[in-house]
Amino acid sequence: MSVDGEVRRLRTEADEPGWEVDPDDEWGLAVVATVGRQLKLRREAVGMRVGDFVKAVGYGEDLVYKIESGKRIPRPEFLDRADEVLGAGGLLSAMKEDVARVRYPKKVRDLAQMEARAVEIGVYEDSNIAGLLQTEEHMRALFGVWLPAYSDEETERMVAARMARRSIFERSSAPTLSFVQEEVTLRRPVGGKMVWRRQLERLLELGELRNVSIQVMPTDVEDHFGTGGLIEVLKFSDGTAVGRSEGAFNGRPVTDPKQIRILDLRYSMIRAQALPPRESRAFIEQMLGET
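Quick caveat, the model's predicted, so the values are computed rather than measured.

Cut-offs and rules
Residues numbered from 1 in each chain as written. Predicted model: local features only at pLDDT ≥ 70, side-chain atom pairs only at ≥ 80, totals over all residues. Heavy atoms only, no water. Buried < 20%, exposed > 50% of the residue type's maximum accessible area, 1.4 Å probe, protein only. Helix = DSSP H or I, 4+ residues; strand = E, 2+ residues; numbered from the N terminus. Contact = heavy atoms within 4.5 Å. Axes fitted to C-alpha atoms, helices over the stretch in contact; angles between N-to-C directions. Left-handed = near helix turned anticlockwise from the far one by under 90°. Nonpolar A, V, L, I, M, F, W, Y, C, P; charged D, E, K, R; others polar. Salt bridge = Lys/Arg side-chain N within 4 Å of Asp/Glu carboxyl O.

Draft legend 1. Quick look at helix H8 (residues 136-144). All of the buried residues in H8 are His138, Met139, Ala141, Leu142 and Phe143. Those residues of H8 that are buried lie in contact with helix H9 (152-165) and helix H11 (193-207).

Here it is in structure tokens:
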């Protein structure tokens, strides 16, 4: 990279969207403030001025000031470089895990934590492809048409959070995952033809996993048990569960066993009405061939 190009990078990096702290996230604010304070203390302890530190790490002065004052979420590579320059012995690098979680909105962090503990997850979606099944392009297309419009910062945070949730497919103790998608969610070309094709290909790819079941609910089903909207049920190894549905309990998450049984019953009936996984796969392959 040329000197001019490097200067432009350093000047604009501090304003790159998606790395701001959510002002309503108390835990996130505390984490970023602590990281910034530790970075500043370490820099001052070795007698390094900001100007010298900036040159050593290769990041802009504005960015460093924002990170040290707790106004900016530092990138993982920044913490690694700072750790090396300041001889922190891994103390700064060790903060990367907590810092990474700060990027995600609180409600998404809570959901991701529950998904990480779940041994069984069932999702019925009637309006969009389930979040865990979406490609990054599909996510961006969905967020891009939301009204009122999301800011660039909000979009980047939500995309990063949703992408991180996909790690559930690589868990060593793989949970049982089942999804029922309304036919219309597969036919809507969100983001354009190529984005749509890649989304269908992603569904076929995930459907090959032994712990994943993807079913299609045909539009022509007459007596449909899913007219109440989205249903999501997460079950844990200790026998507890949490669920939510747009058409029950005011849409709020529930944990009461009686309420979970109601959601379980509805979801089971929806699965029974949907095409079996093998027929669903053939249905998606046919759609892909028609695009």
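Draft legend 2. Region of interest: the packing of H8 against H9. Where H8 contacts H9, the two axes come as close as 10 Å, and the packing angle between them is 145°. Of the two possible hands of crossing, H8 and H9 adopt the one that is right-handed. Residues Glu136, Met139, Arg140 and Phe143 of H8 touch H9, and the partners they reach there are Thr155, Glu156, Met158, Val159, Arg162 and Met163. For the contact of H8 with H9, the per-class residue count stands at five nonpolar, one polar and four charged.

Draft legend 3. Quick look at the environment of Ala130. Within the secondary structure, Ala130 sits in the loop between strand E1 (118-125) and H8. For the pair Ala130 and Leu230, spaced 100 residues apart in the sequence, the C-alpha separation amounts to 9.6 Å. Each residue touching Ala130, except ones within four places of it in the same chain, is listed here: Val123, Glu125, Phe179 and Gln181.

Draft legend 4. The pattern of salt bridges, seen in detail. Under the criterion given, the structure shown has 17 salt bridges. In this structure, Arg198 and Glu137 form a salt bridge, with 2.7 Å as the shortest nitrogen-oxygen distance. Within this pair, whereas Arg198 is found in helix H11, its partner Glu137 is found in helix H8, the two being separated by 61 residues in sequence. Classification of Glu137 by relative accessible area gives partly exposed; the value is 34%. Where salt bridges share partners, they join Glu120, Lys235 and Asp264 into one cluster.

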